[in-house]
Amino acid sequence: MCSNTTTKVFSRLATQVALVVGFLSAVTAAAHWDHAVDLDENYRLLWSINNQDITFEVQARTQGYVGLGFSTDGTIYGADIVIGWVDNGHVHFQDRHFKMNSNGEPHVDPSQDYILLLGYENATHTVLRFRRKLDTCDTAQDVPITNDTIRIIYMYHDRDPKNGAQAIGTLPDPTEAFKDSVPIFLTQRVNQVPIELDSRTRTLELRNKDVPIPQTDENLRWCTMFKLDQFVRKQHMIRYEPLIESRSNIPHLKHMVLYECQGSTPELEIMSREFGRSCMRAEKELLACNSIVAAWSRGSEGFTFPLEAGYPLDSYQARFYMMETHYTGFQSNSVDLTPRVDNSGLRLYYTTTLRKHDAGVLSVGIQPNWRHIIPPGQDRVLSEGHCIEECTQRAFPRPGINIFAVMMQTNHMGKQIRLRQVRQREELTPVAHDTNVDANYQEFRRLHTPVKALPGDRLIAECTYDSTSRKTIALGGYTSRDETCLVLSLYYPRQKELTSCHSIPSLPTVLHAVGINELAAGANPIRIASPPEIAGMTLEERLLTYDWRVNFNAFQYVIRKGAFKPLCWSARNTPIPGTDSIDAYAPNLTKIWRPMPTCSFNGAAGTPVSNGANGYNNYNGVNRFVTERDISLDWPPYEDERNNVIEGAAARSKSIRSSATGTSSSLATGLAAMSRMILFVIFINTVRLL
């Protein structure tokens, strides 16, 4: 009798426990992720943002420790990182940082600003889920997550530290565990919700054909031409996403860019019949293909257009498209040097159901030209490309255009870019701003809300460069060796009058900036006529021998305040009538925008802190992060689980016992508390039955 009762009790207990575990597992598995990227074939990162919090999940193919960190420059020095592992069912989780003189192993932070939500390992993978503030205000050890480009650093190793140790020297082979850094936007991204295909919505795959990945550590830029003549009626591209042939090829893919080509020249036709070629042998074709339609970089998920707009695909307007793919070769320390080919590309989603507006691309910046000069040896060189009022007045429709995404482009020395907007001599909040750009990361960033640009507005692409590593000047141009300053804006409704709105310093401005009064007429090479002390010197010699260290400030002043030539061009490469003879100048602003700081540590938490003569107040202890435009205009002038499935992973095999502390209002914490309560009730009922 007692035996039967006990059997029934434990049977009921087992049933109740199974129900609880099943419920919790179902809820956990249903966790939704806005974004997911594979950093390599063994490491997947998922994340979502909710107000001021960001939640991550790392899925790494290892049973050792894993790490996820954030760096401003791609190195470990000064980087912020979390390290975690599962040891006999116990989850160890630590907020760490690398010192500026680090030997490769991160130190545990005094302030633990990450909250562990979930951790487990199975037969193949270790999984960690955790949350942090976008800006923790721990300026000493944490890197804030903003709209700027950030470098993800990631680590994984096949062994765990012993006994959950935190001391330096206890993390197994941190240098070996460090895999790579990947530039990425964690904010201002599109949530790639699956699109249902039907008779009106279809896909088009544009793939490379058996491109050999370089066997050395050299790079390869590969260009493939596509002839799309099937769009006899206009259709709208509404999304694009990467087609990665193999996850093992991910480390060798830097970016893929799809360009729309103008015209139908014999060279484009011939190239479209090939399987592609090195872009070094396609420079003439590249000049005809200069309008970016789609861009993917490692870490990108693709891009989805807003519901009110689509990019027009119309074979009568453009039928040739060139895809440029940038490959990196095998590193010198690579173990597997098996020859590989790649067939990756882009998948375009398009529909016959036209949306309300055609989307267009407007390029704003400095015309690629030698007059764009970057002096050497300077930590801050400022260049500006103006889209002047006369051009937008003539081209933009009366209600204006709506900018919904931007791509910012510099080359090697670019550090910051912002797209400024001026209306009637008052500077509005920048359309977009990145204080930490990466020349190797090209992707459209989706603005939180579209920005209205009206006829008569001025748009300014402002680029900041660091040339301290150079001994000679850098010039603007089209090749990867040259510098550039361009912002590509996706907008609607599309207008055809203005596709590139650039400027370039006038020749007299450039000459005056480097101390030249007059050039000799008809001289080849170009020689200087005056002043007398440099007469007879060639222009090239003057630029190469100029004392930039002494004269840099004067040069910057003249270039920024002097006359420039606006270049307002249509898709047919013709100037807007009446704009090609204008001498323009920087605007004389009556109101200037200045960014608002995010954290203050003066005084007690929550106490308003005055910032002296500036006359503004700041609130301490408040994490301020705004992905949309803020309106701080009256400031003083600024001095110069995607289903949570791991491929090939077995079922969970170890329970969770977290070593992390801290309270949480999250779903995971709520579920944990609920499970403890339910199990406690089950235990009480079981005792009563016994």
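Structure first, text after, so check above.
A brief structural summary.

Reading the values: rules and limits
Sequence positions are assigned chain by chain, starting from 1 and proceeding in written order. Where local features are concerned, this predicted model is filtered to residues with pLDDT of at least 70; where side-chain atom pairs are given and counted, the filter is 80 or more; whole-chain, interface and lining totals use all residues. As a convention, hydrogens and water are excluded, and side-chain values are obtained from all of the structure's heavy atoms. A run of DSSP states H or I qualifies as a helix once it reaches four residues; a run of E qualifies as a strand once it reaches two. Both are numbered from the N-terminal end. Here, a disulfide means two cysteine sulfur atoms that sit within 2.5 Å of each other. For this analysis, a nonpolar core means a set of buried residues of the types Ala, Val, Leu, Ile, Met, Phe, Trp, Tyr and Cys, connected via side-chain atoms within 4.5 Å. Residue burial is assigned from relative accessible area. The probe radius is 1.4 Å, only protein chains are included, and a residue is buried under 20% of its type maximum, exposed over 50%, and partly exposed in between. Note on definitions: a residue-residue contact is assigned when non-hydrogen atoms from the two residues lie within 4.5 Å. For two strands to count as paired, DSSP must find a minimum of two bridges between them. For a helix, the expected span equals 1.5 Å multiplied by the number of residues minus one. A residue's bend is given by the angle between axes fitted to the 7 residues ending at it and the 7 residues starting at it. Pairs of N or O atoms are called polar contacts if they sit within 3.5 Å, as long as, within protein, a hydrogen donor faces a hydrogen acceptor (for residues adjacent in sequence, only side-chain-to-side-chain pairs).

## Digging into unusual backbone geometry
P493 follows Y492 through a cis peptide bond whose omega is -5 degrees. As for its placement among the helices and strands, P493 is situated in the loop between β35 (485-492) and β36 (500-505). For the peptide bond that leads from S530 to P531, omega is 10 degrees, which places it in the cis range. Take P531: it is sitting in the loop between β38 (528-530) and α7 (539-545). Positive phi outside glycine occurs at D210, with the angle close to 50 degrees. Relative to the helices and strands, D210 resides in the loop between β12 (201-207) and β13 (211-212).

## Points about the state of the cysteines
Going through the model one piece at a time under the given rule, you end up with five disulfides. Covalently, C387 is tied to C501 through a disulfide, its sulfur atoms 2.1 Å apart. Every disulfide takes its handedness from the sign of the S-S torsion; for C387 and C501 that torsion is 85 degrees, giving right-handed. Taken as a pair, C387 in strand β27 (residues 381-387) and C501 in strand β36 lie far apart in primary sequence, 114 residues in all.

## Observations regarding the nonpolar core
What tends to happen in soluble globular proteins is that the nonpolar side chains get buried as a cluster. One finds L258, F303 and F444 to be the most contacted residues of the largest nonpolar core, which totals 55 residues. Discounting residues that sit within four places of it in the chain, L258 has contacts with L206, S291, I292, V293, A294, Y321, M322, M323, L346 and L348.

## Digging into the pairing of strand β28 (residues 401-410)
Burial within β28 is extensive, with ten of its ten residues counted as buried. Both β28 and strand β32 (residues 445-453) contribute to a ladder of five bridges, which runs antiparallel. Following the sheet pairing, N402 is matched in β32 by K452. Note that β28 and β35 share eight bridges and pair antiparallel. Its bridge partner lying in β35, M407 is registered against L488.

## A closer look at helix α8 (residues 548-561)
Over its 14 residues, α8 extends 18 Å from the first C-alpha to the last, a length consistent with the 20 Å expected when each residue adds 1.5 Å. Of all bends in α8, the biggest is about 30 degrees, found at A554. Those residues of α8 that fall on the buried side of the exposure criterion are W548, F552, F555, Q556, V558 and I559. Residues of α8 that are buried in the fold lie against β26 (373-374), β27, β36, α6 (507-513) and α7.

## Some words on the environment of H386
Inspection of the secondary structure puts H386 in strand β27. Each C-alpha atom of the pair H386 and Y585 lies 9.0 Å from the other, and the pair is 199 residues apart in sequence. Once residues lying within four places of it in the same chain are set aside, the contact partners of H386 are G365, R458, L459, I460, C501, H502, S503, F564, A586 and P587. Among the polar contacts listed, one links the side chain of H386 to the side chain of R458, at a separation of 3.0 Å.

## Regarding the side chain of Q188
Here Q188 is to be found in the loop between β11 (178-184) and β12. Looking at Q188, its side chain comes within polar contact range of the side chain of R445, at 3.2 Å.

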